[in-house]
Amino acid sequence: MLFEDMVLGRSFEDMCAQMYYRGKMFGFVHLYNGQEAVSTGFIKYLKEGDYVCSTYRDHVHALSKGVSARAVMSELFGKATGVCRGQGGSMHMFSKEHGLLGGFAFIGEGIPVALGAAFKTKYEKEVLKNDKADAVTVAFFGDGTCNNGQFFECLNMAALWKLPIIFVVENNLWAIGMSHYRSTSDPEIWKKGPAFGMPGVHVDGMDVLKVREVALESIARARRGEGPTLVECETYRFRGHSLADPDELRKPAEKAHYAARDPIVALKNYLLEHKLADEAELKSIQKKIDDLVEDAVDFADASPLPPRSQLLENVFADPKGFGIGPDGKYRCEDPSFTAGTAQV
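Residues numbered from 1 in each chain as written. Predicted model: local features only at pLDDT ≥ 70, side-chain atom pairs only at ≥ 80, totals over all residues. Heavy atoms only, no water.

In the annotation of an unreviewed UniProt entry, the entry for the chain reads Pyruvate dehydrogenase E1 component subunit alpha, and the organism field reads Ceratopteris richardii. In the Subunit (unreviewed entry) part of its UniProt record, the chain is described as follows: "Tetramer of 2 alpha and 2 beta subunits." We quote the UniProt Cofactor (unreviewed entry) comment for the chain here in full: "thiamine diphosphate". (UniProt positions renumbered as here; feature names shortened; annotations may be inferred.)

See the structure below:
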């Protein structure tokens, strides 16, 4: 299960790169290659009712949480069949059904939202006396976010209220082009946990089994009502910050060092050495995933574009919030209202 989920993440992102360079996707697209052990290690041990808050590097988090490859790929293509009907794009995956509370374009944006979800669980249990309320929230973010004020504020509130939340730092050592070691006074992020009265854990984010071990412990702790945990997963992204990044700032030796520790290759070797699977089984999983990703592309390509009327949705809380025209009717009901706007 772990191997299949990681292979899905890698194959999906590789296909995204192809589609981006073929002009099928627009805007910024941030790929997750190399970091799969973190997403898989945590999200595959969450329950259906648990919540995940992601970043702009959110495709694989969505897939791990159960959003279909078709829905994610269609969203990237800007199609009506996408998980957000084509209105979110690469950085804003959201699925109420799957407890995916969004990808967020700005760093740190998702942490307060995750805190709110965790508070909702606590409130439901303690104030509304719902004994079945045991949802756990996982907030993913990068090393660059850990120098951001929202991070510290949320750590404080989570510890103060003993909220069922896990703060997962995907420390890939680079905040766009800024080295973690150049920008952070104490580069050991996990130490910030105990400063707020919560456990801080450092784990090898290139080893899915080690991540899994930490995930199981921190998720169980949160579900028991014992409060938050800060987990620093030291990982590495194998591509540039986004597909628009030529990736010229990182040294070739550093990239080669982490490429040799590929988390998928490491898990494959573990499975074979411990006779948990044979080569044929793993090849069949890869083939299954390749077919799934190809199907997602075909589906996205054949899907319709959103209708023009969708431009006016999800802009104001009141769908008729555009006011009343000189004729006394709602402006949004005038067929010429969207005339001159960009073609979808």
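Two orientations exist for strands paired in a sheet by backbone hydrogen bonds: parallel and antiparallel. Strand order across the open sheet formed by 5 strands is S1-S2-S3-S7-S6, with parallel pairing between neighbours. Since the sheet does not close on itself, it has two edges, and those belong to strand S1 (51-53) and strand S6 (200-204), each with one partner. Ignoring strand direction, the axes of neighbouring strands in this sheet form an average angle of 20°. Sheet analysis places strand S2 (residues 137-142) next to strand S3 (residues 165-171), joined by 6 bridges and oriented parallel. Considered in S3, the bridge of Ala-139 is made with Phe-167. Relative to the sheet, helix H2 (residues 36-43) contacts S1, S2, S3 and strand S7 (229-234), its axis offset from that of S3 by approximately 165°. The sheet contacts of helix H6 (residues 149-161) involve S2, S3 and S7, and relative to S3 the element is tilted by about 150°. (Pairing = 2+ DSSP bridges. Helix = DSSP H or I, 4+ residues; strand = E, 2+ residues; numbered from the N terminus. Axes fitted to C-alpha atoms, helices over the stretch in contact; angles between N-to-C directions. Contact = heavy atoms within 4.5 Å.)

Let us now look at H2. Most of H2 is tucked away, with 8 of its 8 residues classed as buried. If you check which residues of H2 are buried, you get Glu-36, Ala-37, Val-38, Ser-39, Thr-40, Gly-41, Phe-42 and Ile-43. (Buried < 20%, exposed > 50% of the residue type's maximum accessible area, 1.4 Å probe, protein only.)

Turning our attention to the pairing of S6. Relative to S7, S6 runs parallel, the two being bridged by 5 bridges. Bridging from a neighbouring strand, Gly-200 pairs with Leu-230 of S7. Following the backbone out of S6, through helix H9 (residues 208-223) and into the adjacent parallel S7, one traces a crossover that is right-handed. (Right-handed = clockwise from strand over helix to strand, strands pointing away.)

Together, Phe-119, Tyr-123, Val-127, Leu-128, Met-157, Leu-160 and Trp-161 make up a nonpolar patch on the protein surface, roughly 680 Å² of accessible area in all. For the nonpolar patch, the secondary structure elements donating two or more residues are helix H5 (110-126) and H6. Of the residues forming the nonpolar patch, the biggest block, 3 residues, is contributed by H6. With respect to the helices and strands, Trp-161 occurs in helix H6. Among the residues examined, Trp-161 registers a relative accessible area of 37% and is labelled partly exposed. (Patch = residues over 30% accessible without salt bridge, like charges linked within 9 Å, V, L, I, M, F, W, Y side chains within 5 Å. Areas by Shrake-Rupley, 256 points an atom, 1.4 Å probe, with all protein chains shown as cover. Salt bridge = Lys/Arg side-chain N within 4 Å of Asp/Glu carboxyl O.)

To continue, consider unusual backbone geometry. Positioned with a positive phi, Lys-129 is a non-glycine residue whose angle comes to about 55°. Of the residues examined, Lys-129 reaches a relative accessible area of 62% and is grouped as exposed. The phi angle at Ile-176 is positive, at roughly 55°, despite the residue not being glycine.

Tracing the sequence through the fold places Thr-121 in helix H5. Under the relative-accessibility criterion, Thr-121 is labelled buried at 5%. In this structure, Thr-121 is in contact with Tyr-51, Ala-133, Asp-134, Ala-135 and Pro-164, ignoring residues within four places of it in sequence.

Turning next to the UniProt feature "domain: Dehydrogenase E1 component" (unreviewed entry) in the chain. Those residues carrying the UniProt feature "domain: Dehydrogenase E1 component" (unreviewed entry) are residues 5-306 in this numbering. Measuring from the first to the last C-alpha atom of residues 5-306 gives 30 Å, for a span that is 45% helix and 10% strand.

This brings us to helix H11 (residues 263-273). When we look at burial in H11, the residues that qualify are Pro-263, Ile-264, Leu-267 and Leu-271. Down the axis of H11, the smallest arc covering the buried residues is 100°, so these residues share one side. Where H11 begins, the capping side chain belongs to Asp-262, and its oxygen is found 2.8 Å from the backbone nitrogen of Ile-264. Positioned one or two residues after H11, Lys-275 has a phi angle of 55°, which is positive. (Arc of directions from axis to C-beta. Polar contact = N/O pair within 3.5 Å; in protein donor to acceptor, adjacent residues only side chain to side chain.)

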